[in-house]
Each structure stands twice: as C-alpha cells, then as structure tokens.
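Coordinate analysis (summary)
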Amino acid sequence: MTVTIYHNAKCGTSRNTLAMIRNAGIEPVIVDYLKTPPSRETLKELISRAGLTVREAVREKGTPYAELGLDNSALTDDELLDAMVANPILINRPFVVTENGVRLCRPSEVVLGILPEPQKAAFTKEDGEVVIDSKGNRIP
C-alpha cells in the first residue's frame, strides 16, 4: 500500500495532513511539489481524480495569482494548468493519493476518508483542535 502526499512543509494544513497519515501508522511518499512539481499530465490526473475543476485546484493566497491575471474567468483549463506547471506555488495543497482515492485535503481531516488504515492514537492539529480521540475515533 502506497500513500503519496504532495506536500509543502511551510503549510500548516499540509503538515497536519502528513501527521494524520503518520498517525495511521503509514509512512507516505512525500513529494515536495515546489522542488519536484508534478508533470502537467500528473497534475491534470490528480485534479480529475479528486473530483475538482482545474480552477478549484488553483491556490490564490500567497501566490502570484492576481499578478498573473488568473482571476480572469475566460481563462481555459489548459491556460490555468500551464500557469500551475510554470509556478507550482499555484497548486493548492496537499493532494493525497491512496488506494482509496485522491483528495485535496483542505481541511486536513479530509485525508481520513481515504486512508487505508485507521488512526492509531489521539490527534490534535497544530492550532489545538482535537480531531481524533484516545481510542482513534474522529471527534465530530
């Protein structure tokens, strides 16, 4: 069983997602997508398998989104993909791939729906929000 996370260590959501994967006893393949961006084809496949539109996968905050004019609704998916490949910071994160599917894990708890193993212990996000109790159950 392979779990892959397209990760940005500077992103709290990405760090929380990685920690929940590890809390399930899984050591994932970690792709630092800023240093090793996915190919255009891989990116297109990730977005499609996650059930998103290309526009939904574009990150606005902390990126050159506005400067590049990506808020123009006339831009095609191909133009948005080209911008994401040229500027990987525009790829929203973290994408996680498991045998159970692909998800953009925003919020980080989304990962719980596709992990092949249950949580092994309590888990609290970096901001103090308790997500998993001491028995490994999700807190509503």
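For the structure itself, consult the block above.
Let us look at the structure shown here. Remember, it's a predicted structure, so these values are computed and weren't measured experimentally. (Residues numbered from 1 in each chain as written. Predicted model: local features only at pLDDT ≥ 70, side-chain atom pairs only at ≥ 80, totals over all residues. Heavy atoms only, no water.)

For the rest of this paragraph, the subject is the pattern of salt bridges. Once the charged atoms of two side chains with opposite charge are near each other, the side chains can pair. Enumeration over the complete set of coordinates arrives at nine salt bridges. Arg40 is paired through a salt bridge with Asp78; the nearest N and O atoms lie 3.1 Å apart. Placement of Arg40 in helix H2 (residues 40-49) and of Asp78 in helix H3 (residues 77-86) is noted, with a sequence separation of 38 residues between them. Among the residues examined, Asp78 registers a relative accessible area of 41% and is labelled partly exposed. A salt bridge links Glu117 to Lys120, with the nearest nitrogen and oxygen atoms 3.7 Å apart. What emerges from the salt-bridge pattern is a single network uniting Arg40, Asp78 and Asp82. (Salt bridge = Lys/Arg side-chain N within 4 Å of Asp/Glu carboxyl O. Helix = DSSP H or I, 4+ residues; strand = E, 2+ residues; numbered from the N terminus. Buried < 20%, exposed > 50% of the residue type's maximum accessible area, 1.4 Å probe, protein only.)

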